[in-house]
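Reading the structure
Next come the chains, spelled out residue by residue.
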Amino acid sequence: MPATANKVITILLVDDSELVRTGLKTLLANPSAAHLQIVGEASSVATAIAECARLKPDVVLLDIRLPDGSGFEACRQILARHSETQVLILTSVIDDNLVYEAMSSGAHGYLLKEINPPALYQAIIDVAAGKFILDPAVTTRVLNFVRHGAPQSDTDKLAQLSAQERRVLAFVAEGKTNKEIAEQMGLSDKTVKNYLSNIFEKLQISRRSQAAVLYTENRNTPPPFGPNS
């Protein structure tokens, strides 16, 4: 059964930064968190899995980026071997794909390191009690996953573009203005502007610089585009 606030909640800290682990130990040594006890710490996926097996903590506070792999892989392995343990992601990174992967790995919560101490204490208590916790900053993203499905990869987004939209995007990546693109393609400025609006919507971006980077980084990824090629 999940741990409750009526007993001491044991915690394993997993973060590759000794500074972060020290900071968390200091925070959780506060008298306000007397019922929370750090029983161990780890700085890698391998150590996290080994320490979890040895200590059997109630809650694992887990960072995403570890030197020997992803925190998500650690999460999956820990939960597969220790069903009574709850995993709470604690990271400085907010990204749709990372949030989605955290949920897919079975994590019981996703918090940002900017969280204030009382909120962190309560989140640990709630997760130990079997609740699912989300940082307010990622709640909307998770709701979008529920409504629209998993976030798309950049290649998937590019595959939605028509052949004409891809030509416009290629010119944007070259740094050309709307007027220059219109002249190159024999289109009106307004038509180019409309193409760009559609491109930005499909790629889920808002700036030309983002479009240029996305195109440049993914144009050689096979298969580069979808059926409209």
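Look up a bit, the structure's there.
The numbering scheme is per chain: residues are counted from 1 as the chain's sequence reads. The predicted nature of this model means local features are confined to residues of pLDDT at least 70 and side-chain atom pairs, given and counted, to a pLDDT of 80 or more, with totals for whole chains, interfaces and linings taken over all residues. Side-chain descriptors were evaluated using all non-hydrogen atoms of the structure, hydrogens and water having been removed beforehand.

Our focus in this paragraph is the nonpolar core. Among buried residues, those of type Ala, Val, Leu, Ile, Met, Phe, Trp, Tyr and Cys that are joined through side-chain atoms within 4.5 Å constitute a nonpolar core. For each residue, the accessible area found with a 1.4 Å probe, counting protein chains only, is set against the maximum for its type, and the residue is called buried under 20%, exposed over 50%, and partly exposed in between. With 26 residues, the main nonpolar core has Val14, Val60, Leu62, Val87, Ile89 and Tyr110 as its most contacted residues. At the level of secondary structure, the elements contributing two or more residues to this core comprise β1 (9-14), α2 (45-55), β3 (59-62), α3 (71-81), β6 (86-91), α4 (96-104) and β7 (109-112). Helix and strand definitions here come from DSSP, where helices need a minimum of 4 consecutive H or I residues and strands a minimum of 2 consecutive E residues; each element is numbered from the N-terminal end. The element contributing the most residues to this core is α3, with 5 residues. Whether two residues are in contact is decided by their heavy atoms, any of which lying within 4.5 Å being enough. With sequence-adjacent residues up to four places away left out, isoleucine 89 is seen in contact with Leu62, Ile64, Ala102, Ala107, Gly109, Tyr110 and Leu111. By size, the runner-up hydrophobic cluster in this structure holds 21 residues, among which are Ile9, Leu28, Val59 and Leu111.

The term salt bridge refers to a pairing of a side-chain nitrogen on Lys or Arg with a carboxyl oxygen on Asp or Glu at a separation within 4 Å. Within the structure shown, the criterion is met by 10 salt bridges. Among the ionic pairs, lysine 113 bridges to aspartate 15, the shortest N-O distance being 2.8 Å. One end of the pair, lysine 113, is in the loop between β7 and α5 (117-128); the other, aspartate 15, is in the loop between β1 and α1 (18-28), and 98 residues separate them in sequence. The partly exposed category is assigned to lysine 113, whose relative accessible area is 29%. What makes aspartate 15 buried here is its relative accessible area of 3%. For aspartate 126, the salt bridge goes to lysine 131, with nearest N and O atoms at 3.8 Å.

A few words on the sheet that holds β7. Taken in spatial order, the 6 strands line up as β2-β1-β3-β6-β7-β8 in an open sheet, and their pairing is parallel. Every other strand in the sheet has two partners, leaving β2 (36-42) and β8 (133-134) as the edge strands with one partner each. Axes, fitted as lines to C-alpha atoms, cover a helix only where it is in contact. Angles between the N-to-C directions of the axes lie from 0 to 180 degrees. With respect to the sheet, α1 is in contact with β1, β2, β3 and β6, its orientation differing from that of β2 by roughly 170 degrees. Across the sheet, α3 touches β3 and β6, and the angle it forms with β3 is around 170 degrees. Pairing between strands is defined by DSSP: at least two bridges between them are needed.

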